[in-house]
Amino acid sequence: MSERLAGLAAAPGVAIAAPWVYRPAVTGAGEGASLEEAASAASRDLELLAGRLRNDGRADEAAIFDAQALMATDEELIGLAAARVAGGEDAASAMGAAGEAVAATFEALDDELLSARAADVRDVAARIVRHVVGADAPSLDRRSIVVAVDLAPSVTVELDRDLLAGIALEGGSRTSHAAILARALAIPAVVGVPGLLERAATATEVAIDGGAGLVVLDPDEAARDSLAGAVQAAEAARRADSAYRDRPLATSDGHRVLCAANVAEPGEAAAAFADGAEGIGLFRTEFAFAGRGTPPSEEEQAAAYESVLRAAGDAPVVVRLADIGGDKPLPYLPIDPEANPFLGVRAIRLADRYPELFTTQVRAILRASERTGRPASIMAPMVADVADVAFVRELVREACAAVPNAPAPRVGIMVEIPSAVMLADQLAEMIDFMSIGTNDLTQYLLAVDRTNPAVAERQDPVHPAVLRAIARVVDAARATSRGCEVAVCGEMAGDPTGAALLVGLGVDELSMGPASFGSVKRAVAARSHDELRSLAQRAMTLRSAAEVRTLVGEA
Amino acid sequence: MARAEIDLRNPSGLHARPAATFVRAAGGYASDVRVTNLTRDPSKSASAKSVIGVMGLGVARGHRVRLEADGTDAEVAVASLVELIAGGLGEALDDG
């Protein structure tokens, strides 16, 4: 008998799968760890999750885990637990009690945002307890809909995305972290379903409609039919995407484009290659500089870069120089408060005030290159004109003199400032490659602040103005006598519509979060190179991003 | 010992992200740094190096906080943390 339960629509989409009832209580014990070891292990987990999300272009969601990583080693939280352990309590229950106590103080504040963070503290405490008792991280063994009272963001992102069909929660609101994250990751979700856990306990199948806020337990023929069309389409797309994951990135007539990965932490490189990356198109290096009180030494940086060059083997690795600015100030690089940090002293512009930041970094990259015998590609962010390129070339020349045994690096720039697009012919003559950062290029070209949700709808990189800018860059690169490659490393490269247009515009490489490999390869393989070329040409004549998306969807 | 007071202007108060930015910066100094939310409860202070302590002060927009540092780099710590708060801790200020 099918049973319908009404809840709140949290994230659109439809799914039918077996229920996987999740209760955060920790059971089963293996190898244990001390409280301090467990806390730093939990903190590392959370930092990794933050890095992964940031790399997928989800900086807002990543911030949730950044804060949790700090909580995991927080002197107040750990101090409370340690005091209980000193009083004779075992580490696991002491940690649980400390988490509860802190969560209760957050809930007592008459501040909605802060009391909602109580769930984050409980999640951190549960994660530390898991490390204390050596329990396994929760995992799915088949395609499932997660049924729980509440689902911590850190649990959501750790579950295998291919097996996580949907989320149904008894608690939560549309603004809870669970709901925000489900929307960001496009996982269908219904929250605020009273009595869900008790009723779902005996169900063998669950259907959810995240757009309607509906949960159906053991759906019968009629309920199934009404959901089936949408479910099948979504399932088919998912299966088709994963079937493409191991194929090359190529058009239907075999025109190849390099399929590269964006990574934000050295640890992600090996996983990217396992997922089929043919290179690292964007190795963000901000991880080396964030979350510390003093700048990283040359040796520290060299070790981190070396590990990525080793993971890459013969594949190319593009290391981007630190893109630091007034939007995320660092204690050891004070920047005067700026009204517009994205137009301020950011990235290589910091070199005027802190030249050693970049001389040290370039030397560290060359040291890593020397030790592995692999040439590195060095990429400068926020290049505006020839003077900026000349500065970078000089920086590299000096570092090469200091590390004479390193293989000669390739030198390139990010194209994200409109002036670099206008002057692409001049710049291309001086460098080996250009990588278009479509997120910032769109922000600067269309004058839409990436951090302002009120203009978020205007921030679509398939806008004809952005397409024309990219075409101009490709033309300039083709016209050089010495050869200059063009890559794209913004979110557009990981969007199937955007990727198809980019291949049509003639770029040589697409670099994206590895999660997008399947859907991008499928979209590009659907058409011949000529078809994509004429599609891109037509798209540039349209009047809006919406018209472009309609064209690509219909053609 | 160095001390300063400043009003918080972040639209959603000192919630998780700006609190994390603040705590990371405070962690870079050797001095002990304490924070007090003068608007909510002048008798309660927290370590500026504890994100839980700082969030637990419930600093909302318009609240006045006091920073007190004790140690070798106390002056620098207070001055740069005040500057960080004035600059919005990485967030856009609606009146900035």
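As the structure is a computational prediction, the values presented were derived from the model and not from experiment.

Peer 1: Which parts of the structure should I look at to understand the overall build of chain B?
Peer 2: Summing up its helical and strand segments, chain B has three helices and four strands in all. Looking at chain B as a whole, 51% of its 96 residues qualify as buried.

Peer 1: Sorry if this is basic, but what is going on with the sheet that holds strand E4 (residues 144-148) of chain A here?
Peer 2: Neighbouring strands of a sheet are bound in pairs by backbone hydrogen bonds; such pairs are parallel or else antiparallel. All names here are of chain A. Read from one edge of the open sheet, eight strands run E1-E8-E7-E3-E4-E5-E6-E2, paired in mixed fashion. Lying at the two open borders of the sheet, with one neighbouring strand each, are strand E1 (3-6) and strand E2 (8-11). Along the sheet, successive strands turn relative to each other by an average axial angle of 30 degrees, direction set aside. Sheet topology note: the strand E7 (residues 206-209)/strand E8 (residues 214-217) ladder contains four bridges and is antiparallel. Bridging from a neighbouring strand, Asp209 pairs with Leu214 of E8. Against the sheet, helix H8 (residues 177-184) makes contact with E2, strand E5 (164-169) and strand E6 (189-191), and its axis sits at roughly 50 degrees relative to E2, the strand it touches most. The strands touched by helix H10 (residues 221-244) are strand E3 (14-21), E7 and E8; relative to E3, the strand with the most contacts, the crossing angle is about 100 degrees.

Peer 1: Even after reading the chapter, I still don't get the nonpolar core, so can you show me in this structure?
Peer 2: Nonpolar side chains in soluble globular proteins tend to be buried together. Residue and element names in this part refer to chain A. Core analysis: the largest hydrophobic core is formed by 110 residues, its most contacted members being Met95, Ile145, Ala168 and Val215. Among the elements that take part in this core, helix H2 (residues 59-72) stands out by supplying nine residues, more than any other. Each of two domains, domain 1 (3-26 + 140-220) and domain 2 (35-131), supplies a minimum of three residues to this core. Setting aside residues up to four positions removed in sequence, Ile145 forms contacts with Ala15, Ala17, Pro19, Trp20, Ala165, Gly166, Ile167, Ala168, Val206 and Ile208.

Peer 1: Hey, could you run me through H8 of chain A in this one?
Peer 2: Among the residues of H8 of chain A, His177, Ala178, Ala179, Leu181 and Ala182 of chain A are the ones counted as buried. Taken together, the buried residues of H8 of chain A touch E2, H2, helix H6 (118-133), helix H7 (153-158), E5 and E6 of chain A.

Peer 1: Before we go on, may I ask you to explain the packing of H2 of chain A against helix H1 (residues 16-26) of chain B in this structure?
Peer 2: Relative to each other, H2 of chain A and H1 of chain B sit at 50 degrees, their axes nearing to 9 Å. Viewed along their axes, H2 of chain A and H1 of chain B adopt a mutual orientation that is oblique. In this structure, H2 of chain A meets H1 of chain B at a crossing whose hand is left-handed. In this structure, H2 of chain A uses Ala63, Ile64, Asp66, Ala67 and Leu70 of chain A to contact H1 of chain B, whose residues at the interface are Ala16, Arg17, Ala19, Ala20 and Val23 of chain B. Broken down by class, the residue content of the contact of H2 of chain A with H1 of chain B amounts to eight nonpolar, no polar and two charged.

Peer 1: Which parts of the structure should I look at to understand the interface of chain B and chain A?
Peer 2: Between chain B and chain A, the residue contacts involve 31 residues of the former and 31 residues of the latter. Of all the secondary-structure elements, those providing two or more residues to the side of chain B that touches chain A are H1, helix H2 (51-55) and helix H3 (74-86) of chain B. The class makeup of the residues in the side of chain B that touches chain A is 13 nonpolar, 14 polar and four charged.

Peer 1: Is there a simple way to think about H3 of chain B in this case?
Peer 2: Because each turn of an α-helix spans 3.6 residues, side chains separated by three or four positions end up pointing in the same direction. All names here are of chain B. For H3, spanning 13 residues, the distance from its first C-alpha to its last is 18 Å, which sits close to the expected 18 Å at 1.5 Å a residue. Within H3, the full set of buried residues consists of Ala74, Ala77, Val78, Leu81, Leu84 and Ile85. Axial view of H3: buried residues confined to an arc of 130 degrees, hence all on one face. Taken from the residues just after H3, Gly88 is the one with a positive phi, measuring 95 degrees.

Peer 1: Which parts of the structure should I look at to understand the pairing of strand E13 (residues 410-415) of chain A?
Peer 2: All names here are of chain A. Among the six residues in E13, five count as buried, and that is most of the element. With four bridges connecting them, strand E12 (residues 377-380) and E13 associate as parallel partners. When the bridges of E13 are listed, Ser377 appears paired with Arg410. Where the polypeptide runs from E12 across helix H14 (residues 386-402) and back to E13, its parallel neighbour, the crossover connection is right-handed.

Peer 1: Looking at this structure, I do not really get the sheet that holds E12 of chain A. What am I missing?
Peer 2: Residues and elements named next belong to chain A. Read around the barrel, eight strands follow the order E9-E10-E11-E12-E13-E14-E15-E16 and close on themselves; strand pairing throughout is parallel. Ignoring strand direction, the axes of neighbouring strands in this sheet form an average angle of 25 degrees. Where strand E9 (residues 258-263) lies against strand E16 (residues 509-512), four bridges are found, and the strand directions are parallel. When the sheet's bridge partners are listed, Ala261 is paired in E16 with Met512.

Peer 1: Where do I start with unusual backbone geometry in this structure?
Peer 2: When glycine is set aside, most residues are seen to have a negative phi, and most peptide bonds are trans. Residue and element names in this part refer to chain A. The phi torsion at Met382 lies on the positive side, around 60 degrees, for a residue other than glycine. For Met382, a count of 22 C-beta atoms within 10 Å puts it in the buried group. In this structure, Ala447 takes a positive phi of about 55 degrees despite not being glycine. Checked against the element boundaries, Ala447 lands in the loop between helix H17 (438-446) and helix H18 (464-478).

Peer 1: What am I meant to see in the environment of Ala368 of chain A here?
Peer 2: Residue and element names in this part refer to chain A. Assignment of secondary structure puts Ala368 in helix H13 (residues 355-372). Given 25 C-beta atoms within 10 Å, Ala368 falls into the buried group. Between the C-alpha atom of Ala368 and that of Ser307, which follows or precedes it by 61 residues, the distance is 8.2 Å. Other than its neighbours up to four places away in sequence, Ala368 contacts Ala302, Tyr305, Glu306, Leu309 and Ala376.

Peer 1: Can you help me understand the environment of Arg142 of chain A in this one?
Peer 2: Residue and element names in this part refer to chain A. Relative to the helices and strands, Arg142 is located in the loop between H6 and E4. For Arg142, a count of 9 C-beta atoms within 10 Å puts it in the exposed group. For Arg142 and Asp160, which are 18 residues apart along the polypeptide, the C-alpha to C-alpha distance reads 9.5 Å. Excluding residues within four positions of it along the chain, Arg142 makes contact with Ala18 and Leu163.

Criteria and thresholds
- For every chain, the first residue of the written sequence is number 1, and numbering continues from 1 along that sequence.
- To read the labels, note that chains go from A and ligands from 1, taken in the order they are written.
- Residue-level local features of this predicted model are given only where pLDDT is at least 70; pairs of side-chain atoms are given and counted only at 80 or more, and the full residue set underlies all totals for whole chains, interfaces and linings.
- For the purposes of this entry, the term helix denotes a DSSP run of H or I that reaches at least four residues, the term strand denotes a run of E that reaches at least two, and both are numbered from the N terminus.
- Any residue surrounded by 20 or more other C-beta atoms within 10 Å of its C-beta is treated as buried, while 12 or fewer makes it exposed and the intermediate range makes it partly exposed; C-beta atoms here are placed from the backbone.
- Pairs of strands are assigned from DSSP output, requiring at least two bridges between the strands.
- Axis definition: a line fitted to C-alpha atoms, limited for helices to the stretch in contact. Angles are taken between N-to-C directions and run from 0 to 180 degrees.
- Here, residue contact means that the backbone-derived C-beta atoms of the two residues sit within 7 Å.
- In these notes, a nonpolar core means any group of buried Ala, Val, Leu, Ile, Met, Phe, Trp, Tyr and Cys residues linked to one another through C-beta atoms within 7 Å.
- The start and end points of each domain follow an automatic or database-based domain assignment.
- Relative orientations are named as follows: roughly parallel for angles under 35 degrees, roughly antiparallel for angles over 145 degrees, roughly perpendicular for angles from 65 to 115 degrees, and oblique for any other angle.
- By the definition used in this description, the sense in which the near helix is turned from the far one sets the handedness, with an anticlockwise turn below a right angle giving left-handed and a clockwise turn giving right-handed.
- Throughout this entry, Asp, Glu, Lys and Arg are counted as charged residues, while Ala, Val, Leu, Ile, Met, Phe, Trp, Tyr, Cys and Pro are counted as nonpolar. The remaining residues, Gly among them, count as polar.
- A helix is expected to reach a length of 1.5 Å times the quantity of its residues less one.
- This arc describes the spread of directions from the helix axis toward the C-beta atoms.
- Handedness rule for crossovers: strands pointing away from the viewer, path from the first strand over the helix to the second running clockwise, crossover right-handed.

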